[in-house]
2 protein chains.
Amino acid sequence: MEFGTPVILSCSASIVGKKEGEGPLGQLFDQVGQEDMFGAKTWEEAESTLQKEAVALCLQKSGVKLKDVRYLFAGDLLGQSIASSFGLAQYETPLFGLYGACSTSGLSITLGAITVAAGLAEKVMCVTSSHFASAEKEFRYPLEYGNQRPLSASWTVTGGGAFLLSAKRGEKDRAQISAVTPGKIVDYGLKDSMNMGACMAPAACDTIYQHLQDFGRKPEDYDKIVTGDLGYVGQQALLNLLSQKGIELGNRHMDCGIEMFDQNTQDTHAGGSGCGCAATVLSAFLLKKLEEGEWSRILFVPTGALLSKVSFNEGNTVPGIAHGVVIERIPGAGKKD
Amino acid sequence: MEFGTPVILSCSASIVGKKEGEGPLGQLFDQVGQEDMFGAKTWEEAESTLQKEAVALCLQKSGVKLKDVRYLFAGDLLGQSIASSFGLAQYETPLFGLYGACSTSGLSITLGAITVAAGLAEKVMCVTSSHFASAEKEFRYPLEYGNQRPLSASWTVTGGGAFLLSAKRGEKDRAQISAVTPGKIVDYGLKDSMNMGACMAPAACDTIYQHLQDFGRKPEDYDKIVTGDLGYVGQQALLNLLSQKGIELGNRHMDCGIEMFDQNTQDTHAGGSGCGCAATVLSAFLLKKLEEGEWSRILFVPTGALLSKVSFNEGNTVPGIAHGVVIERIPGAGKKD
């Protein structure tokens, strides 16, 4: 899908946990929590707080009033997307609930952009989150169990990101969205919930390949092609799969999960993951590079692993999905031009 | 949101379980299963089969080829929407994963219609499902536990519905979608997962009231205002709440959950519920009334209860959400005009 008039990404905000704040991107996030409960009584409530705060920060940074935000597009990793339901209820704004596992930031921005492009809303807010502790409890083992994590496991990012999309240009716009490539479910039959990177790489490959075909573009047309949370294991799988199709990404590939943590000192194994990973890295790091003029166009491809504890325990596979969003520097924007 | 050019609801299909087939609408569904496993090994897989079959039936009835369906908009009640992920993977069509609890049929039709209205897709398919056994296991007690159900409990419908939306008129179109009113989360603080009707009624009230305000309409402008699955308890609550705001629905109100089962003989207590309830009743019954010219315009308002077993067990409330869709008879359509 190509938008005739690009949709403006006016503003964004990110909030992360303590560990994420200690990582290589730590200085860039808008807010870093000092403890991972964020003042809540349960991990799930803590995750709801991340969504609530991300929206509040984004409103504050943009100076836009809540009543001017027509719709919310939100989702998270928890069963029945409860982080969104309980985090966003107080905003009393019509809500589109979404589920795309860790690809939800791409899904929400895609649907938000479609709605703005259709002329059906002037401004919408897209918000996603994940929380290490609530995700481990939801998908693997509660932290109290103290299980050992294999090196292929990724570390779910505690963080929330919110994005304000607008039909019209403003003064402090961060970037613009010119096209999207929604993804299909791709299932290579992998069953390891401790190796999400490998489960999602085929979906990322499919979406990136399809995108380049649809638009008649090459990797060189992008400064970076950024996946959500493949991590080190998934990155290698993606590069190999694309190479088999004759596409060499090389250094043009970047992965939010790899950027988030320092593998050597933070004990995060394969890298960061979760809806919150791609969302916070996009807000704090990727959009900054576009704003500063270091990059002019990226393909943002958050990846999701479609499993639940029920499907996993029933011996099912872990299919993947990835949604591609083309994000560009605002033409004629300030600095470094 | 009002669509300048209405989006065409070209075709639809419904598949239900044995009990639903024995209800008052039994003869109207496209397919009735003889056993509720639908040939699968688990309840979740059975529910996936409902989505897969609903899409297959809809393609078959419409004569449209899968490759001409640009996107799927799908969701279900299970954690991480696994019924959709596993049911729809084989179609290899870009998928937007949604979560709106039992309001998902309204959510999927709304977002599908927006995408078509934006001119970004010629044809899209919206599909939702629920299954009595997988839902009881997901939200309350597995059937093997044999717990007793209070009279306020509803009976999750085993069924799947698929809707083909198009930008252009065809020969056998069922209806058209002229406007939508996406809902907010409304939380009255109720906590009883065995009384979903009462939990969702405030959200239905809010969406219906907001819709009538936004469009400057009265209940009389609709032949029916049809909620998804409030059941007998929720219906009473809705009528009372609207009455307090000066709006009398009276006999103009209809509820898919009430229509689905015979309360006296089917032991379903408050009525049917689940994503599959509103979806299958819309496909089999409501669209038929519009086609036959008995009605010319309805407001379809599927209602969802935003709980999960985690939030419920942590003592949280059950907030509700409801999405309104205005569905009209195709102007100048055949029979009884």
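Keep in mind it's a predicted model, so treat the numbers as computed, not measured. (Residues numbered from 1 in each chain as written. Chains lettered and ligands numbered in written order. Predicted model: local features only at pLDDT ≥ 70, side-chain atom pairs only at ≥ 80, totals over all residues. Heavy atoms only, no water.)

This part takes up the environment of Ile 327 of chain A. Residue and element names in this part refer to chain A. In this fold, Ile 327 is placed in strand β15 (residues 324-328). The spacing of Ile 327 and Lys 67 is 260 residues in sequence and 26 Å in space, taken between C-alpha atoms. For Ile 327, the contacting residues outside a window of four places in its chain are Ala 175, Gln 176, Leu 282, Leu 287, Leu 290, Ser 296, Arg 297, Ile 298 and Phe 300. (Helix = DSSP H or I, 4+ residues; strand = E, 2+ residues; numbered from the N terminus. Contact = heavy atoms within 4.5 Å.)

We now examine the relation of the copies chain A and chain B. The two copies are related by a screw operation: chain A maps onto chain B through 180° of rotation and 0.0 Å of translation along the axis, at an RMSD of 0.0 Å. Such a combination of rotation and displacement between the chain copies is what one expects of a two-fold axis. Taken as a fraction of all interface residues of chain A, those also at the interface in chain B reach 100%, which identifies the copy contact as same-surface. (Least-squares fit on C-alpha atoms with pLDDT ≥ 70 in both.)

A few words now on the interface of chain A and chain B. Tallying the contact residues gives 51 residues for chain A and 51 residues for chain B. Regarding the contact of chain A and chain B, the summed buried area is about 4200 Å², with carbon and sulfur atoms giving 69% of it. Among the residues chain A hides against chain B, the three largest losses belong to Gln 80, Phe 86 and Ile 185 of chain A. Together they make up 17% of the total. Linking chain A to chain B there are two salt bridges. A salt bridge links Lys 137 of chain B to Glu 314 of chain A; its shortest N-O distance comes to 3.0 Å. Here chain A and chain B share eight residue pairs in polar contact (both at pLDDT 80 or more) between them. (Buried area = accessible area lost by both parts, 1.4 Å probe. Salt bridge = Lys/Arg side-chain N within 4 Å of Asp/Glu carboxyl O. Polar contact = N/O pair within 3.5 Å; in protein donor to acceptor, adjacent residues only side chain to side chain.)

Residue and element names in this part refer to chain B. Volume-wise, the largest pocket comes out at about 490 Å³. For the largest pocket, the lining is made up of 26 residues, of which Ser 10, Cys 11, Lys 172, Asp 173 and Arg 174 are closest to its centre. Secondary structure elements with two or more residues in the lining of the largest pocket: β1 (2-16), α2 (43-62), β7 (159-166) and α10 (275-291). Classifying every residue of the lining of the largest pocket by side-chain character gives seven nonpolar, seven polar and 12 charged. The volume enclosed by the second largest pocket comes to roughly 340 Å³. (1 Å grid on protein atoms, 1.4 Å probe; cavity = no way out; pocket = protein on both sides within 12 Å on 5 of 7 lines; lining within 4 Å. Points joined across faces, edges and corners; volume = space filled by probe spheres on them. Nonpolar A, V, L, I, M, F, W, Y, C, P; charged D, E, K, R; others polar.)

This brings us to the pairing of strand β15 (residues 324-328) of chain B. Residue and element names in this part refer to chain B. With five of its five residues buried, β15 lies for the most part within the structure. In β15, alternate side chains face the same way, and those of Gly 324, Val 326 and Glu 328 on one face and Val 325 and Ile 327 on the other are all buried. Bridging between strand β8 (residues 175-181) and β15 involves five bridges; their strand directions are antiparallel. In the sheet register, Ile 177 faces β15, and the bridge partner there is Ile 327. Judged from the four bridges that link them, strand β12 (residues 297-301) and β15 form a sheet pairing that is antiparallel. Bridge assignment links Leu 299 to a residue of β15, and that residue is Val 326. (Buried < 20%, exposed > 50% of the residue type's maximum accessible area, 1.4 Å probe, protein only. Pairing = 2+ DSSP bridges.)

Quick look at unusual backbone geometry now. One non-glycine residue with positive phi stands out, namely Glu 92 of chain A, at about 45°. Mapped onto the secondary structure, Glu 92 of chain A falls in the loop between α3 (82-88) and β4 (95-97). For Glu 92 of chain A, a relative accessible area of 59% gives the class exposed. Even without a glycine there, the phi angle at Phe 38 of chain B is positive, about 45°. Relative to the assigned elements, Phe 38 of chain B resides in the loop between β2 (31-32) and α2.

Before going further, it helps to spend a moment on the nonpolar core. If you look at the biggest cluster of nonpolar residues, it comprises 120 residues, and the most contacted ones within it are Met 125 and Leu 238 of chain A together with Met 125 and Leu 238 of chain B. Leu 238 of chain A has contacts with Ala 201, Ala 204, Cys 205, Ile 208, Thr 227, Leu 230, Leu 249 and His 253 of chain A, leaving out every residue within four places of it along the chain. Of all hydrophobic cores here, the second largest spans 98 residues; its members include Phe 3 and Cys 256 of chain A together with Leu 98 and Leu 111 of chain B. (Core = buried A, V, L, I, M, F, W, Y, C linked by side-chain atoms within 4.5 Å.)

Our focus in this paragraph is α10 of chain B. Residues and elements named next belong to chain B. Here α10 contains 17 residues, and its C-alpha end-to-end distance of 23 Å stays within 8% of the 24 Å for a straight helix at 1.5 Å per residue. Where α10 bends most, the angle comes to about 45°, and this point is Leu 282. A large share of α10 lies buried, amounting to 15 of its 17 residues. Positive phi appears at Gly 293, one or two residues downstream of α10, with a value of about 85°. (Expected span 1.5 Å × (residues − 1). Bend = angle between axes of the 7 residues up to and from the residue.)

What follows concerns the packing of aromatic side chains. Using the criterion set out here, one finds eight aromatic pairs over all chains in the structure. Between Phe 73 of chain A and Phe 96 of chain A the ring centres are 4.7 Å apart and the planes differ by 20°, which places this aromatic pair in the stacked class. Of this pair, Phe 73 of chain A sits in strand β3 (residues 71-75) while Phe 96 of chain A sits in strand β4, and the two are 23 residues apart along the sequence. Take Phe 96 of chain A: its relative accessible area is 0%, and that puts it in the buried class. Ring plane angle 55° and centroid distance 5.6 Å describe the contact between Tyr 71 of chain B and Phe 96 of chain B, whose orientation is recorded as tilted. Of this pair, Tyr 71 of chain B sits in strand β3 (residues 71-75) while Phe 96 of chain B is found in strand β4 (residues 95-98), placing the two residues 25 residues apart along the sequence. When sorted by exposure, Tyr 71 of chain B lands in the same class as Phe 96 of chain B, which is buried. Linked through ring pairs, Tyr 71, Phe 73 and Phe 96 of chain A together constitute an aromatic cluster. (Phe/Tyr/Trp six-rings, centres within 6.5 Å; stacked < 30°, edge-to-face > 60°.)

Moving on, we come to the packing of α2 of chain B against helix α5 (residues 132-139) of chain B. All names here are of chain B. Direction vectors running N to C along α2 and α5 enclose 130°, while the axes themselves pass 8 Å from each other. What the angle tells us is that α2 and α5 run oblique. Pair α2 / α5 crosses with left-handed handedness. Only Ala 133, Ser 134 and Lys 137 of α5 make contact with α2, whose side of the interface consists of Trp 43, Glu 44 and Glu 47. Looking at the contact of α2 with α5 residue by residue, the class counts come to two nonpolar, one polar and three charged. (Axes fitted to C-alpha atoms, helices over the stretch in contact; angles between N-to-C directions. Parallel < 35°, antiparallel > 145°, perpendicular 65-115°, else oblique. Left-handed = near helix turned anticlockwise from the far one by under 90°.)

For the rest of this paragraph, the subject is the confidence of the model for chain A. All names here are of chain A. Here chain A shows a mean pLDDT of 91. Residues at 70 or above account for 99%. Per-element averaging of pLDDT across chain A places helix α11 (residues 309-313) at the bottom with 80 and strand β12 (residues 297-301) at the top with 97. Taken together, the chains of this predicted complex give a pTM of 0.91 and an interface ipTM of 0.88. (pLDDT = per-residue confidence, 0-100.)

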